[in-house]
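What follows is the residue order along each chain.
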Amino acid sequence: MGWIWAIIVGFVLGFIAKLILPGKQHSPLWLVVAMGTIGGLVGNGIASAFGVRYTHGIDWTRHLFQLIAAIVLVAVGESVYKAVKRDNVRR
């Protein structure tokens, strides 16, 4: 059940990250979900390093770390996707 929640959270994080990033992104949905999921995991790791992974109530700080990581990863994934797609068009 944990993987299902990770994918759902990854979808939400990836979607929010896409909305926050300026301009139009051309990444497919699977890439956005993958980057959002990885961003959630990275954000959890960063929150653990800062000692704020488990707090009482809603973990706003952890969610902020997850969102920032997802934004960075969606942006990187978008640039890699465009570069690969552009390279395939040239051939």
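Refer to the structure above for everything that follows.
Throughout this description, residue numbers start from 1 for each chain and increase along the sequence as written. Local features in this predicted model are restricted to residues of pLDDT 70 or higher, and side-chain atom pairs are both shown and tallied only at a pLDDT of 80 or more, whereas totals for entire chains, interfaces and linings draw on every residue. Hydrogens and waters are ignored; side-chain quantities use all the structure's heavy atoms.

### Some words on the nonpolar core
What makes a nonpolar core is a set of buried Ala, Val, Leu, Ile, Met, Phe, Trp, Tyr and Cys residues whose side-chain atoms join them at distances within 4.5 Å. The cut-offs for exposure are 20% and 50% of the maximum accessible area for each residue type, with area from a 1.4 Å probe on protein chains only; residues under the lower value are buried, those over the upper are exposed, and the others partly exposed. The biggest cluster of nonpolar side chains holds nine residues, and these are Leu13, Ala17, Leu21, Leu31, Met35, Leu67, Ala70, Ile71 and Val74. Looking at this core, the elements with two or more residues in it are α1 (2-20), α2 (29-49) and α3 (60-90). In this text, helices come from DSSP runs of H or I with a minimum length of four residues, and strands from runs of E with a minimum of two, each type numbered from the N-terminal end. Ranked by the residues each element gives to this core, the list is headed by α3, at four residues.

### Looking at a nonpolar patch on the surface
Candidates for patches are residues over 30% relative accessible area with no salt bridge; among them, like charges are joined within 9 Å and nonpolar side chains (Val, Leu, Ile, Met, Phe, Trp, Tyr) within 5 Å. All accessible-area figures derive from a Shrake-Rupley calculation using a 1.4 Å probe, and residue coverage is judged against the displayed protein chains alone. When a carboxyl oxygen of Asp or Glu lies within 4 Å of a side-chain nitrogen of Lys or Arg, that pair is called a salt bridge. On the surface, Ile4, Trp5, Ile8, Val9, Phe11, Val12, Phe15, Ile16, Leu19, Ile20 and Leu29 cluster together into a nonpolar patch covering about 1,000 Å² of accessible area. Its location among the elements puts Val9 in helix α1.

### Quick word on α2
Because the α-helix completes a turn every 3.6 residues, residues three or four places apart line up on one side. A helix is expected to span 1.5 Å multiplied by its residue count minus one. The end-to-end C-alpha distance of α2 is 30 Å, a good match for the 30 Å that 21 residues give at a rise of 1.5 Å each. Backbone geometry just downstream of α2 places Gly51 in the positive-phi region, at approximately 80 degrees.

### Quick notes on the layout of surface pockets
Throughout, the protein atoms alone are placed on a 1 Å grid, and a set of points is a cavity if a 1.4 Å probe fits but cannot get out or a pocket if it is open with protein on both sides within 12 Å along at least five of seven lines; lining residues have an atom within 4 Å of a point. Grid points are joined across faces, edges and corners, and a volume is the space filled by probe spheres set on the points. Taken as a whole, the largest pocket holds about 190 Å³ of empty space. Lining of the largest pocket is provided by twelve residues; of these, Ala6, Val9, Asn44, Arg62 and Gln66 occupy positions nearest its centre. Mapped onto the lining of the largest pocket, the elements with two or more residues apiece are α1, α2 and α3. Its residues placed into classes, the lining of the largest pocket shows four nonpolar, six polar and two charged. Note that Gly is not counted as nonpolar here; it falls among the polar residues with everything else outside the nonpolar set of Ala, Val, Leu, Ile, Met, Phe, Trp, Tyr, Cys and Pro and the charged set of Asp, Glu, Lys and Arg.

### Thoughts on α1
The end-to-end C-alpha distance of α1, which contains 19 residues, comes to 27 Å, matching closely the 27 Å that a straight helix rising 1.5 Å per residue would cover. Those residues of α1 that sit buried are Gly10, Leu13, Gly14 and Ala17. Taken down its axis, α1 places every buried residue within 105 degrees of arc, on the same side. Across α1 from its buried face, at more than 90 degrees, point the exposed residues Trp5 and Leu19. The arc in question is formed by the directions pointing from the helix axis toward the C-beta atoms.

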